[in-house]
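# Structural overview for review
Residue strings, one per chain:
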Amino acid sequence: MNTPAIPDVALIDNTEQRTPLVLVLDCSGSMSGAPINQLNEGLKLLESELKADVIASKRVRVLVISYGGMDAGKIESDWCDAMDFKAPRLWASGTTPMGHAVQMALDEIEQEKAALRHAGITYTRPWLFLMSDGMPTDEWQQAAAECRQAETDNKVAVFPIAVAEADTQVMGQFSRNGQRAVKSLQGLQFRELFLWLSASMQVVSQSVPGGQAQLPATDSWAVVPV
Amino acid sequence: MSGQQQLPWQVVAAAVIGTSHVAANQPCQDAVAWQQHDGWLFAAVCDGAGSAAHSHIGAQHMAEGVTSALTACVAALADADQAQASAVLQQVIGQQRQQLQALAKRDNTAINDYACTLVGAYINADGGWLFHIGDGVAVAEFADAPACISWPENGEYANETVFVSSEQWSKHLRLTRVPAAPTVLALMSDGAESFAMGKQRSGLFRPFIDPVLRYLQGVDHSTATQALAATLADPRTGHITSDDKTLLLAWPTAHAGGNTPA
């Protein structure tokens, strides 16, 4: 005999839990043309993929910071739940102030955590996704050291993504795992990269204690190290 | 069970596998166990760690072992203060850990492979204690007083907690006094917490629990168990959690009709 479920039971999600995701994206002049267009397409894809997942759309908090122009980091899209996220349109120009942008991201992360704590909302470890296609043009060493320390202190997970001519040795200094943490994007596979990011966020946003998040494989977009 | 009617507590429980474990071809890693002895109810829910290879065995062992070992401690538990109750639980949980360690040694594994959380309660007509290591929730509700709730112990991040297998387990054992016999006792794993607990953190989520209790209190034990399992397996829960979902509900037999509207 197959007993049916109890009638008239409300089954709704009362959990207030968030997974903060910060995208720190290189919009320097060298990203002009195909790269920035592909990046914009990738962001739109991230938006639609996150919105399509019922759990991720409620739990992932997105912040987009671009860096370029006159040595400036800029908040392109302020913290919002994925269901309210609208992919910003990014433009390429200027220099590569990676240090400044990462510093902004680290400050934003700590502020966001404090706001969540204040609101009684639990959260999982924030992700800092750092993408670049070149060499930093600012004083990046201090920011890199702080970013490394933040990751060592378990305050954030750092994912450096190197595009084209990016210096993987420099980008590795932003992660506690060094150069081996850096993934190199195959060509301009931004689409695959953001599909992977969305799939990873779906896993992480509903991860539970003791469950190591099984992230999807990166081989659709990353160059395999030999 | 025909004997159920004579016992002082009515208990209905179910542990249901989550969609992520189905997809990964893993077993349900939650376990639930309870025993009644001499007017006491001993109950426990354990949630095996997703990353530990044999956590479903650890959870089963711990839930059954702790409830069963506690039945032998009735004399020490009656009128125990917090220090005495804690001492009994330290001993009982410590024994179960030793058994898991022996199992790990025999099978050439490590106790961390059996990692699980533990949330439990022992109560009689005068009340008792909630006991807790890690996550999951225990709730004792009363007709005319705020609920006693034992909340999860997480780290900074919601997806980190403490396990019974940890070296520091005894420092993380938390006890909460239940001052009188509750109208309802609920134990749950974190998978069920999202929909069984209310947002206000003051107790169980009424639109969930009220229809559940009304139904369970009006049917026989076997139907009740199957209906609770079917409810925990409702496809709507898949939009809330992909984790295993366990819920144990108990209420005093004498009150069985009291909560049912005429």
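## What to know about unusual backbone geometry
Not every positive phi belongs to a glycine, and Asp71 of chain A is a case in point at roughly 50°. Summarising the element assignment, Asp71 of chain A is placed in the loop between strand E2 (60-68) and strand E3 (72-81). Even without being glycine, Asp38 of chain B reaches a positive phi, approximately 55°. Note that Asp38 of chain B resides in the loop between strand E2 (30-37) and strand E3 (40-48).

## Describing the sheet that holds strand E6 (residues 137-141) of chain B
All names here are of chain B. In space, the five strands of this open sheet follow the order E1-E10-E9-E6-E7, with antiparallel pairing throughout. Strands at the two margins of the open sheet, each flanked by one partner only, are strand E1 (9-16) and strand E7 (148-150). Across this sheet, the average inter-strand angle for adjacent strands is 10°, counted without regard to direction. Where strand E9 (residues 184-188) meets strand E10 (residues 245-252), four bridges bridge the pair, whose relative direction is antiparallel.

## Regarding the pattern of salt bridges
The full count for this structure, using the stated rule, is 18 salt bridges over all chains. Its salt-bridge partner being Glu112 of chain A, residue Arg61 of chain A comes within 2.8 Å of it at the nearest N-O pair. Note that Arg61 of chain A is positioned in strand E2 and Glu112 of chain A in helix H3 (residues 98-118), a separation of 51 residues in sequence. The class of Arg61 of chain A is buried, set by a relative accessible area of 16%. One salt-bridge network, in which partners are shared between bridges, spans Glu16, Arg18, Arg61, Asp81 and Glu112 of chain A together with Lys199 of chain B.

## Some remarks on the packing of helix H1 (residues 34-52) of chain A against helix H6 (residues 190-205) of chain A
Residue and element names in this part refer to chain A. Orientation of H1 relative to H6, taken along the N-to-C sense of each, is 25°, at an axis distance of 8 Å. On the basis of the axis angle, H1 is roughly parallel to H6. Classified by chirality, the crossing of H6 by H1 is right-handed. Contacts between H1 and H6 pair Pro35, Gln38, Leu39, Gly42, Leu43, Leu45, Leu46, Glu49 and Leu50 from the former with Phe190, Arg191, Phe194, Leu195, Leu197, Ser198, Met201 and Gln202 from the latter. Of the residues assigned to the contact of H1 with H6, the class counts are 11 nonpolar, four polar and two charged.

## As for helix H4 (residues 82-106) of chain B
Three or four residues apart is the spacing at which side chains of an α-helix point the same way, because the helix has 3.6 residues per turn. Residue and element names in this part refer to chain B. If you check H4, its first and last C-alpha atoms are 36 Å apart, about what 25 residues at 1.5 Å a residue would give, namely 36 Å. Lining the buried residues of H4 we find helix H2 (55-70), helix H3 (74-77), strand E4 (116-124), strand E5 (127-133) and strand E8 (174-178). Measuring from the backbone nitrogen of Ala83 back to the side-chain oxygen at the start of H4 gives 3.2 Å, which picks out Asp81 as the cap. Once H4 ends, the next one or two residues include Asn108, with phi positive near 55°.

Quick notes on the rules
- Residues numbered from 1 in each chain as written.
- Chains lettered and ligands numbered in written order.
- Predicted model: local features only at pLDDT ≥ 70, side-chain atom pairs only at ≥ 80, totals over all residues.
- Heavy atoms only, no water.
- Helix = DSSP H or I, 4+ residues; strand = E, 2+ residues; numbered from the N terminus.
- Pairing = 2+ DSSP bridges.
- Axes fitted to C-alpha atoms, helices over the stretch in contact; angles between N-to-C directions.
- Salt bridge = Lys/Arg side-chain N within 4 Å of Asp/Glu carboxyl O.
- Buried < 20%, exposed > 50% of the residue type's maximum accessible area, 1.4 Å probe, protein only.
- Parallel < 35°, antiparallel > 145°, perpendicular 65-115°, else oblique.
- Left-handed = near helix turned anticlockwise from the far one by under 90°.
- Contact = heavy atoms within 4.5 Å.
- Nonpolar A, V, L, I, M, F, W, Y, C, P; charged D, E, K, R; others polar.
- Expected span 1.5 Å × (residues − 1).
- Polar contact = N/O pair within 3.5 Å; in protein donor to acceptor, adjacent residues only side chain to side chain.

This is a description of form; function is not addressed.
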